[in-house]
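Each chain, letter by letter, is given below.
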Amino acid sequence: ENNSCMYLDGHSSLVSHNVSFSCKINPSINRSTISFFDSKFNNSSDSFNLLGSSHISWISSSPLGSPTNFGNNVLDLSFFLKIFVINQNSMNIPNSEVTINFSEFENSRTITLPFSGFDEIGPFIGKRWNSSDWSETNQANFSCNYDDTENSSNPVDIDEDTNVFCRIDLDK
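Residues numbered from 1 in each chain as written. Predicted model: local features only at pLDDT ≥ 70, side-chain atom pairs only at ≥ 80, totals over all residues. Heavy atoms only, no water.

(A) View of the nonpolar core. Among the nonpolar cores identified, the biggest contains 35 residues, and F48, W58, V98 and F142 are the most heavily contacted of them. The set of elements that each furnish at least two residues to this core consists of β5 (33–37), β8 (55–59), β10 (74–86), β11 (97–102), β13 (118–129), β14 (139–146) and β17 (162–167). Setting aside residues up to four positions removed in sequence, F142 forms contacts with L81, I83, V98, T99, I100, N151, S152, S153, V156 and V164. (Core = buried A, V, L, I, M, F, W, Y, C linked by side-chain atoms within 4.5 Å. Buried < 20%, exposed > 50% of the residue type's maximum accessible area, 1.4 Å probe, protein only. Helix = DSSP H or I, 4+ residues; strand = E, 2+ residues; numbered from the N terminus. Contact = heavy atoms within 4.5 Å.)

(B) Representation of the state of the cysteines within the structure. Taken as a whole and assessed by the stated rule, the structure comprises two disulfides. Through a disulfide, C5 is tied to C23; the S-S separation comes to 2.0 Å. Measuring the twist about the S-S bond at about 60°, one finds the C5-C23 disulfide to be right-handed. Remark: C23 occurs in the loop between β3 (20–21) and β4 (28–30) and C5 occurs in the segment before β1 (7–9); sequence separation between them is 18 residues. You can call C5 partly exposed: its relative accessible area is 36%. (Disulfide = S-S within 2.5 Å.)

(C) Inspection of the environment of T137 at higher detail. By secondary structure assignment, the location of T137 is in the loop between β13 and β14. It is 26 Å that separates the C-alpha atoms of T137 and L14, two residues lying 123 residues apart in sequence. With residues near it in sequence (within four places) discarded, T137 still touches S103, E104, G126, K127, D157, I158 and D159.

(D) Main features of the environment of N163. Mapping N163 onto the fold places it in strand β17. The exposure class of N163 is partly exposed, given its relative accessible area of 47%. A sequence separation of 82 residues divides N163 from L81, and the C-alpha atoms of the two residues are 5.9 Å apart. Every residue in contact with N163, bar those within four places of it in the chain, is listed here: K82 and F84.

(E) Seen up close, the environment of L77. Assignment of secondary structure puts L77 in strand β10. You can call L77 buried: its relative accessible area is 14%. For the pair formed by L77 and G65, sequence separation is twelve residues and the distance between their alpha carbons is 11 Å. In contact with L77, not counting residues within four places along its chain, are W58, L64, F124, I125, G126, K127 and W134.

(F) Here's a closer look at unusual backbone geometry. With an omega of 5°, the peptide bond running from G122 to P123 counts as cis. Among the structural elements, P123 can be located in strand β13. Its identity is not glycine, yet N18 carries a phi of approximately 55°, on the positive side. Looking at the secondary structure, you find N18 in the loop between β2 (14–17) and β3. Not every positive phi belongs to a glycine, and S60 is a case in point at roughly 50°. Looking at where S60 falls in the secondary structure, it is placed in the loop between β8 and β9 (68–69). The buried category is assigned to S60, whose relative accessible area is 12%.

(G) A look at the sheet that holds β9. As summarised here, the arrangement of the four strands in space is β1-β4-β7-β9, forming an open sheet in which the pairing is parallel. Edge positions in the open sheet fall to β1 and β9, since each of these has one partner strand only. Relative to β9, strand β7 (residues 49–52) runs parallel, the two being bridged by two bridges. Residue pairing in the sheet places N49 in a bridge with T68 of β9. (Pairing = 2+ DSSP bridges.)

Function cannot be inferred from these measures alone, as they are strictly geometric.
Below you can see the structure in the form of structure tokens.
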């Protein structure tokens, strides 16, 4: 008999949205890879019991406490970034190029924004629990380029869904 509010075992790729845990004790996850989007804890429970060889992605969801850990487990807190490239008049610049470098977990990437001049990308890992403690918060550094004019934005902590603005002053 299991005394937790939820027990998941042996899921190789489970994706769930808008899960609301109303538990007095933590839900338990065993030998599973699970992604929770836009989810939350409502009561005294605030994390998971990780029982063995599990990988949980907690994406754009409520704050989360440290899990109870029994084995080789990973818990990622991940978020989306909405990137805007704007000019000196605060107008979006279409088809601009953005390069993103991360301090941890993620590979650098270069993207071309659509005609709208913005795009939402991710999710990206902000913090990771690796069986003993939380990592430092991952940071993203952005550079943007349009018509051979380049600029950089300030580094961004990946600790919530975030809008990022990179400004390029274009010749008049």
